[in-house]
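Structural features, examined
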Amino acid sequence: MTRVGVVVVAGGSGSRMGRPKQFLPLGDATVVERSLRCFLSLPEVEAVVVALSEADRRERGSGLAGGRVRVVAAGSTRMGSVRSGVAALPPGLDVVAVHDGARPLVTPEIVRAVAAEAVRMGAAVAAVPVKDTLKRSEPGSTLVAGTPERALHWAAQTPQAYRREILAEALARFPDDAEATDESQLVERLGRPVALVPSSGENFKITTPEDLLMAEAILESRAGGRRWPRAGFGFDIHRLVPGRKLWLAGVLVPHGKGLLGHSDSDAVLHAACDAVLGALGLGEIGLAFPPSDPRFRGLDSRQIVAHTLARVSEAGGEVLHLDCTLIAEEPKLSPHYAAMRESLAALFHLPIARASLKAKSHEGLGAVGRGEAIACHAVATVLSR
Ligand code: MG
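Because the structure is predicted, anything quoted here is derived from the model rather than measured.

Some thoughts on the coordination of the magnesium ion
Surrounding the magnesium ion are the protein donor atoms Asp236 (OD), Asp236 (OD), His238 (NE2) and His270 (ND1), at 2.2 to 2.7 Å. Binding-site remark: the magnesium ion is held by donors from one chain whose sequence spacing is D-x1-H-x31-H. Judged on exposure class, the residue aspartate 236 and its partner histidine 238 are both buried.

Let's talk about the packing of aromatic side chains
Tallying each qualifying case throughout the model produces 1 aromatic pair. In this arrangement the basic side chain of arginine 60 is found over the ring face of phenylalanine 23, its NZ or CZ atom lying 4.4 Å from the centre.

Quick word on the domain arrangement of the protein chain
According to the domain assignment, the protein chain consists of domain 1 (4–222) and domain 2 (228–384). Centre-to-centre, using C-alpha coordinates, domain 1 lies 52 Å away from domain 2.

Let's talk about the pairing of strand E5 (residues 69–73)
The sheet contact formed by strand E4 (residues 45–52) and E5 spans 5 bridges and is parallel. Among the inter-strand pairings, valine 50 is bridged to a residue of E5, identified as valine 71. In terms of handedness, the path from E4 via helix H2 (residues 54–64) over to E5 forms a crossover that is right-handed.

Examining the pattern of salt bridges
Following the criterion strictly, the structure yields 22 salt bridges and no others. Ionic pairing is found between arginine 173 and glutamate 169, a salt bridge with its closest N-O pair at 3.5 Å. Of this pair, arginine 173 and glutamate 169 both sit in helix H5 (residues 164–173), 4 residues apart, which is roughly one turn of that helix. Residue glutamate 169 is classed as partly exposed on the basis of its relative accessible area, which comes to 29%.

Topic: H2
Along H2, the residues that are buried comprise Asp56, Gly61 and Leu64. Buried residues of H2, seen end-on, are gathered within an arc of 100° and therefore sit on one face of the element. In this structure, H2 carries Arg58, Glu59, Ser62 and Gly63 as exposed residues pointing more than 90 degrees from its buried face. Packing partners of the buried residues in H2 comprise helix H1 (31–40), E4 and E5. Phi turns positive, to about 130°, at glycine 66, one or two residues after H2.

Criteria and cut-off values
- Residues numbered from 1 in each chain as written.
- Predicted model: local features only at pLDDT ≥ 70, side-chain atom pairs only at ≥ 80, totals over all residues.
- Heavy atoms only, no water.
- Donors = N, O, S within 2.8 Å, 3.2 Å for Na, K, Ca; no water.
- Buried < 20%, exposed > 50% of the residue type's maximum accessible area, 1.4 Å probe, protein only.
- Phe/Tyr/Trp six-rings, centres within 6.5 Å; stacked < 30°, edge-to-face > 60°.
- Lys NZ or Arg CZ within 6 Å of the ring centre and 35° of its normal.
- Domains from an automatic or database assignment.
- Pairing = 2+ DSSP bridges.
- Helix = DSSP H or I, 4+ residues; strand = E, 2+ residues; numbered from the N terminus.
- Right-handed = clockwise from strand over helix to strand, strands pointing away.
- Salt bridge = Lys/Arg side-chain N within 4 Å of Asp/Glu carboxyl O.
- Arc of directions from axis to C-beta.
- Contact = heavy atoms within 4.5 Å.

Listed below in structure tokens is the structure:
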């Protein structure tokens with residue numbers, strides 16, 4: 001087995017995106033952690049050295065280091081970081097791969113193809129054929145000075161991998177390398193071959209906010225496909241009787257009467273949970289909490305919400321939005337809107353803007369109109385596969 005060492009260059013300050021792009025969140029990890037994950041999934045990778053800026057090393061270095069991973073201080077240029085990283089690798093490696101910390105979508109297949117070609121040819125670069133027509137300009141000019149033949153051009157990515165002795169020779173021979181944007185240029189200057197290894201357009205570098213959106217979409221597709229917003233509808237009604245507490249949206253509303261039922265009878269939470277379950281085709285809350293079961297007597301409906309969210313999470317879903325409409329003749333509910341809405345948002349882990357709650361009277365019509373009951377309608381939007 002080829003013994004591989006990896007240098008991950010992640011020393012940028014990332015001023016374009018507010019904070020270093022390699023530490024932006026991407027799915028369940030940061031950009032650089034995802035880059036590391038790919039290399040650490042390969043048994044032939046014996047050591048990984050991550051070059052971080054001094055500030056990042058202090059604040060985040062200990063979170064990355066450990067096991068096969070070491071953290072070193074980045075240089076003032078990319079090539080400076082490559083030199084520090086290479087110097088920190090252990091002896092005995094056959095191949096050294098250099099990777100941008102901001103290319104989190106690299107795959108084991110790409111890494112292995114580049115490493116194998118480095119063994120064969122001495123140096124290899126992951127690259128993709130250029131898709132756009134290229135135009136050349138003169139320095140300082142925006143006039144087209146020529147159209148190079150696109151078929152002959154490749155966009156270089158990372159990883160770039162080298163037999164260790166060849167990279168060492170290139171770094172030693174050209175100590176003044178400030179102009180070089182990658183170390184393969186130094187190997188070219190040695191007059192040695194550098195092979196292009198066809199890679200994937202998904203292995204792009206996170207540079208702008210839209211790159212991060214594309215990376216999220218690709219990860220989602222790798223995780224099993226796109227999630228779609230689904231709508232669900234829920235309804236609940238309970239009798240309003242003296243001597244009970246009135247719970248609505250998890251808030252205790254002061255009133256001489258409350259809703260009658262087996263649980264605390266919070267009609268808002270019941271309707272909202274049924275809407276969420278309905279969006280996923282998961283039935284209704286009565287199936288999990290049957291009114292006939294004495295264990296659920298006086299049940300706090302916040303537990304029903306927790307159960308519902310667990311079902312959503314098991315299904316790989318996410319509640320995006322709730323809209324609830326209470327129908328009540330009494331008490332006057334508008335003074336409680338803010339508290340009920342905040343509670344609804346908190347219970348369903350939603351920002352307040354995505355938890356809506358309002359109330360209507362029933363114009364004196366029917367049982368609700370006579371104040372004998374309170375009802376609630378709810379619509380939920382849930383993201384799921
Ligand atoms: Mg109910």
